[in-house]
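The chain contents come next:
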Amino acid sequence: MSAQDTLLAMVKAAIPSVTVYDGIITDKEDSLPARYAVLYAPPGLAVAGDVGVTATGRHYDWSITFVAAAPDVHNAAELRWQVQWAQQRVRDYLTARKLTVGGQKIEHVHAELPGRDEQIPARVVLYASDKYRALT
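On a predicted model such as this, the values are computed, not experimentally measured, just so you know.

J.: Even after reading the chapter, I still don't get empty space enclosed by the protein, so can you show me in this structure?
T.: Picture a little ball the size of a water molecule; that probe, rolled over the atoms, points out where space is still empty. Enumeration over the complete set of coordinates arrives at 1 cavity of 30 Å³ or more. Its volume calculated, the largest cavity comes out at about 50 Å³. In terms of lining, the largest cavity is formed by Val18, Arg35, Tyr36, Phe66, Val67, Ala68, Gln82, Val83 and Ala86. Secondary-structure elements contributing two or more residues to the lining of the largest cavity are strand E2 (35-40), strand E4 (57-70) and helix H2 (76-95). For the lining of the largest cavity, a count of residues per class yields 7 nonpolar, 1 polar and 1 charged.

J.: Would you mind showing me how to read the packing of aromatic side chains here?
T.: Under the criterion given, the structure shown has 3 aromatic pairs. A ring pair is formed by Tyr21 and Tyr36, whose centres lie 5.7 Å apart and whose planes are at 80°; its orientation type is edge-to-face. Note that Tyr21 is positioned in strand E1 (residues 19-22) and Tyr36 in strand E2, a separation of 15 residues in sequence. Between Trp81 and Trp85 the ring centres are 6.5 Å apart and the planes differ by 25°, which places this aromatic pair in the stacked class. With Trp81 and Trp85 both in helix H2 and 4 residues apart, this pair spans about one turn of that helix. Sitting over the ring of Tyr93, Arg97 keeps its end group 3.6 Å from the ring centre.

J.: Sorry, what's going on with the pattern of salt bridges here?
T.: Two side chains carrying opposite charge are able to pair once their charged atoms lie near each other. Tallying each qualifying case throughout the model produces 3 salt bridges. Across the pair Arg91 and Asp92 runs a salt bridge, and its minimum N-O distance is 3.6 Å. When its relative accessible area of 42% is taken as the criterion, Asp92 is described as partly exposed. One salt-bridge network, in which partners are shared between bridges, spans Asp61, Glu107 and Arg133.

Rules behind the numbers
- The numbers attached to residues start from 1 for each chain and follow its sequence in the written order.
- Whole-chain, interface and lining totals are the exception, using all residues; otherwise, since this is a predicted model, local features are given only for residues with pLDDT of at least 70 and side-chain atom pairs are given and counted only at 80 or more.
- Only heavy atoms go into the side-chain values, all of them from the structure, while hydrogens and water stay out.
- In this analysis the probe radius is 1.4 Å and the grid spacing 1 Å, with only protein atoms considered; a cavity is a set of points the probe fits into but cannot get out of, a pocket is an open set with protein on both sides within 12 Å along at least five of seven lines, and lining residues have an atom within 4 Å of a point.
- Grid points are joined across faces, edges and corners, and a volume is the space filled by probe spheres set on the points.
- Only DSSP runs of H or I with at least four residues qualify as helices, and only runs of E with at least two residues qualify as strands; both kinds are numbered from the N terminus onward.
- Throughout, the ten residues Ala, Val, Leu, Ile, Met, Phe, Trp, Tyr, Cys and Pro are labelled nonpolar, Asp, Glu, Lys and Arg are labelled charged, and all others, Gly among them, are labelled polar.
- Here is the rule: rings of Phe, Tyr and Trp (six-membered ring for Trp) pair when centre to centre is within 6.5 Å. Planes less than 30 degrees apart are stacked, more than 60 are edge-to-face, and the remainder are tilted.
- Any Lys NZ or Arg CZ found within 6 Å of a ring centre and within 35 degrees of that ring's normal is scored as a charge over the ring.
- In what follows, salt bridge is the name for a side-chain nitrogen of Lys or Arg lying within 4 Å of a carboxyl oxygen of Asp or Glu.
- Exposure is judged per residue with a 1.4 Å probe applied to protein chains only, and the accessible area is read against the type maximum: over 50% gives exposed, under 20% gives buried, and values in between give partly exposed.

Everything listed is a geometric property; what it means functionally is a separate question.
Take a look at the structure:
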């Protein structure tokens, strides 16, 4: 299983009631779930070993965007809570684990406050993105 597959499984385990997409949202706007997350996990960068030695590990940086939507503005406070709930669940789950056996613990390096996506006028959409890193 690749590191990206492992990360996807970990995020899904942290928020099992939320749909998690792997980098690409495959649903059309009108059929998206009310809550979802998108994992953006590139394959990682090789970590150099000693002179004349191949890479000794990989450095992974990834982000997760959490989204909650409702048909009208009356639910904005609830949407903020849903986004922050997902952020906290994923943060607590990931930072208590390692990406690979023998790797370092996962580090949470950035958290964004929920904000409104103004490009979607048909409904109220709040989102936030968190960034993580791990060295294997």
